[in-house]
Amino acid sequence: MVVSICLLTLLAYNTLMRKPIETQVLIPVMPGINLPTSHLGFYALTLLICAFIHEAGHALAAVRERVRLHGFGIFVFGFYPGAFVDLNTADLQSLSPFCQLRVYCAGVWHNAVIAVISIIIFYLLPFLLSPGYHVGTGVGVTYLREDSVVTGYRGLALGDAITRVNSCPVNQQSDWFKCLEEAYIHPSGYCVSGAYLSMIDNKASVPRRSLSAIVSVNKLDENDSFESVSNQNKLNEDCCTVQSASTHLCFTYTTPTKLSSTSRRYACLPARAVTERTSCNVTSDCGNLGAMRGNNNGIQSESLGVISTRSMYCVVPSPPDNSTRLVRLVHNRHKAPAILFLGPLEDLVASIGVSDYVPRWPSILSPNLPSFLGLLCT
């Protein structure tokens, strides 16, 4: 008993001090330390089931050996539930050593059996739940934060399946996080024709809210002053007017110049219309080499190159800060548009909970049932 107490104390100390798991033989479960508080209910239920089956094993083995059973019950010690069985000591001691060992080991044996069954059920869950849930066709939405911008009439709903993040396909939960990481590191661009961009020069035929502004920014030279840099940043921030801020976003793209280099330009474009176009990383992904210098079909901008109406450009969202990203979430709801999220991706991850399982009938089946069963089995 003393050795067990010392061992448990050492294990608890190592866990509290965040010692590497590789250096620990046993890891105690400590709520709030290495067990999320949201899993406490699952943990308590699992303990109760395991304790009940453990003691039931002792009771069944004792009855088989004709040992009288005085009582059986459950209890709660602090937070941890447990169970007990009261056997007749005289009957138990009258058994042969082998029969006594059978009674004593019956509880552990039953726990081993239930552990094997739980592992089998866990890996068979996709098959067992296939009549009511899809697997591999997207991630099901299991949680939505109430104050999140992705909720609402045209937002996501519990049970929806997210199938793409920008141009990145999402088939399972690991894809969801991988695609979000990709969206943060490499923001997706979209192919836009030069004719579409050059429409801004024709103010008579293009409403202001359709294409409100286009701003060109030269490549900085060594002699540029701090005021010049500030003015260029201000041009980027002021790319879209206040009136169009709810529907438009500032995008950036490059055009060639007379000096065999490129010039970065900014355009205020309707976010939804642009994000529905083909995705790209660079202009060459759009099917050509971009605007060719000296094209007579282009519109010349002094010292800033040419916008060729026959060429395609890769326009990339230019958010106001480095942590903000524009993400397009494609889901499976019939005739509903994709969700556009503009903000830090940390907020998006905190606002949406996902699962590998997508309910076939979201109005009937709970999207959280597979996760509940999975946690219960583990």
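Where an unreviewed UniProt entry is consulted, the protein chain appears under the name Membrane-bound transcription factor site-2 protease, with the organism given as Schistosoma margrebowiei.

Moving on: the pairing of strand E1 (residues 69–77). Sheet topology note: the E1/strand E2 (residues 80–87) ladder contains 8 bridges and is antiparallel. Bridged to phenylalanine 75 within E2 is glycine 82. The hairpin turn running from E1 into E2, its antiparallel successor, is 2 residues long, and glycine 78 in that turn takes a positive phi close to 70°.

Orientation of helix H2 (residues 40–64) relative to helix H4 (residues 97–128), taken along the N-to-C sense of each, is 140°, at an axis distance of 7 Å. With respect to their mutual orientation, H2 and H4 come out oblique. Relative to H4, the crossing made by H2 is right-handed. For the pair H2 and H4, contact is made by Cys50, Ile53, His54, Gly57, His58, Leu60, Ala61, Ala62 and Arg64 and by Arg102, Val103, Tyr104, Ala106, Gly107, Val108, His110, Asn111 and Ile114, respectively. Tallied by class, the residues present in the contact of H2 with H4 amount to 10 nonpolar, 6 polar and 2 charged.

What follows covers the packing of aromatic side chains. Going through the model one piece at a time under the given rule, you end up with 5 aromatic pairs. Geometrically, the ring pair formed by phenylalanine 42 and phenylalanine 372 is tilted, given 5.2 Å between the ring centres and 50° between the ring planes. Residue phenylalanine 42 is found in helix H2, and its partner phenylalanine 372 is found in helix H10 (residues 369–377); the two are separated by 330 residues along the sequence. For phenylalanine 372, a relative accessible area of 33% translates into the label partly exposed. Arranged with centres 5.5 Å apart and planes meeting at 85°, the rings of phenylalanine 52 and phenylalanine 72 form a pair that is edge-to-face. Taken together, the positions of phenylalanine 52 in helix H2 and phenylalanine 72 in strand E1 put the pair 20 residues apart, joining distant regions of the chain.

As a further point, take the state of the cysteines. Enumeration according to the criterion identifies 3 disulfides in this entry. One disulfide bridge connects cysteine 191 with cysteine 286, the sulfur atoms lying 2.1 Å from each other. Sign of the S-S torsion, about -90° for the bond between cysteine 191 and cysteine 286, identifies this disulfide as left-handed. Of this pair, cysteine 191 sits in strand E6 (residues 189–193) while cysteine 286 sits in the loop between strand E10 (279–280) and strand E11 (298–300), and the two are 95 residues apart along the sequence.

Turning next to the pairing of strand E8 (residues 248–256). For E8, the buried fraction is high: 8 of the 9 residues fall into the buried class. Strand direction decides the pairing type here: E8 and strand E9 (residues 262–270), joined by 9 bridges, are antiparallel. Its bridge partner lying in E9, tyrosine 253 is registered against arginine 265. Across 2 bridges, the pairing between E8 and strand E13 (residues 312–317) is antiparallel. When the bridges of E13 are listed, threonine 252 appears paired with valine 316.

Below, the discussion takes up the packing of H4 against H10. One can describe the packing of H4 onto H10 by two numbers: an axis separation of 9 Å at closest approach and a directional angle of 155°. It follows that H4 is roughly antiparallel to H10 by the angle criterion. H4 and H10 meet at a crossing whose hand is left-handed. On H10, the residues touching Ser118, Ile121, Phe122 and Leu125 of H4 are Pro370, Leu373, Gly374 and Cys377. Classifying every residue of the contact of H4 with H10 gives 6 nonpolar, 2 polar and no charged.

Moving on, we come to the nonpolar core. If you look at the biggest cluster of nonpolar residues, it comprises 21 residues, and the most contacted ones within it are Leu156, Val165, Trp176, Leu329, Leu348 and Ile352. Of all the secondary structure elements, the ones that give two or more residues to this core are strand E3 (133–144), strand E4 (161–165), helix H5 (173–185), strand E14 (324–331), strand E15 (339–344), helix H9 (345–351) and strand E16 (352–359). When sequence neighbours within four positions are dropped, the list of residues in contact with isoleucine 352 reads Val141, Tyr143, Leu144, Val150, Leu156, Ile162, Trp176 and Leu329.

Between its terminal C-alpha atoms H4 stretches 43 Å, which fits the 46 Å expected from 32 residues at 1.5 Å a residue. Every buried residue of H4 is accounted for by Cys99, Gln100, Val103, Ala106, Gly107, Ser118 and Leu125. Lining the buried residues of H4 we find H2, E2, helix H3 (89–93), E16 and H10.

Rules of the game
Residues numbered from 1 in each chain as written. Predicted model: local features only at pLDDT ≥ 70, side-chain atom pairs only at ≥ 80, totals over all residues. Heavy atoms only, no water. Pairing = 2+ DSSP bridges. Helix = DSSP H or I, 4+ residues; strand = E, 2+ residues; numbered from the N terminus. Axes fitted to C-alpha atoms, helices over the stretch in contact; angles between N-to-C directions. Parallel < 35°, antiparallel > 145°, perpendicular 65-115°, else oblique. Left-handed = near helix turned anticlockwise from the far one by under 90°. Contact = heavy atoms within 4.5 Å. Nonpolar A, V, L, I, M, F, W, Y, C, P; charged D, E, K, R; others polar. Phe/Tyr/Trp six-rings, centres within 6.5 Å; stacked < 30°, edge-to-face > 60°. Buried < 20%, exposed > 50% of the residue type's maximum accessible area, 1.4 Å probe, protein only. Disulfide = S-S within 2.5 Å. Core = buried A, V, L, I, M, F, W, Y, C linked by side-chain atoms within 4.5 Å. Expected span 1.5 Å × (residues − 1).

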